[in-house]
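Okay, here's what each chain looks like letter by letter:
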Amino acid sequence: MRELFSQLNRRQQVVVFAGSALLLALLLHLGMVRPLLSRLAAYQREIPAQRELLAWMEASSQEVQRLQSARVTKAKGGATDSPLTVIDQLAKEQLLDKRIKRLEPAAEGEVRVWLEEAGFAAMVTWLALLEERAGLTVTDLSVDRAKGEGLVNAMLTVAPARP
């Protein structure tokens, strides 16, 4: 290759050298610079959407923190009442107080509750209220069908929610 290049006159060598440099620059531009520029443009187009998503996430984060603190406040507000009292009050709201056959404290703040012939829908609503309003969660649950449509017998253990 060098021998062929050296046989060319000076003017032809300059043209070959300039053409080679131009070809190299074109290949670099097409192979590296242009893809980088297109990726940069794509990223710049995504920035407004990403900023909008970030703003939404920050607002949602604040809302979640607000709701969690409200839940803790509600749970603490109910903490002055014993879990037995809260369970009984919420059962009265759902008309389940007559269905509670046994209610007894257990270890570590837990409460065991026995329901007989309780409406299933009312029981599920009651359990949701225990969690939402009083911060109590069900740690153990056993449900059997009772005589009558939509009625159940249940034995459950309720405990304060753990953070």
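Nothing here was measured: the structure is a model prediction, and the numbers come from that model. (Residues numbered from 1 in each chain as written. Predicted model: local features only at pLDDT ≥ 70, side-chain atom pairs only at ≥ 80, totals over all residues. Heavy atoms only, no water.)

(A) Quick look at the environment of Leu115. Its place among the elements puts Leu115 in strand E2 (residues 111-119). Spatially, the C-alpha atoms of Leu115 and Gly19 are 92 Å apart, while their sequence positions differ by 96 residues. (Helix = DSSP H or I, 4+ residues; strand = E, 2+ residues; numbered from the N terminus.)

(B) A look at the environment of Ala121. As for its position among the elements, Ala121 is in helix H4 (residues 120-134). Note: C-alpha distance between Ala121 and Glu104 (17 residues apart in sequence) is 23 Å.

(C) A look at the pairing of E2. The pairing of strand E1 (residues 100-105) with E2 spans five bridges and is classified as antiparallel. Along E2, the bridge assignment pairs Glu104 with Arg112. Hairpin geometry of E1 and E2 is characterised by an intervening segment of five residues between the two adjacent antiparallel strands and by a positive phi of about 55° at Glu108. Pairing of E2 with strand E4 (residues 151-160) involves seven bridges; the strand directions are antiparallel. (Pairing = 2+ DSSP bridges.)

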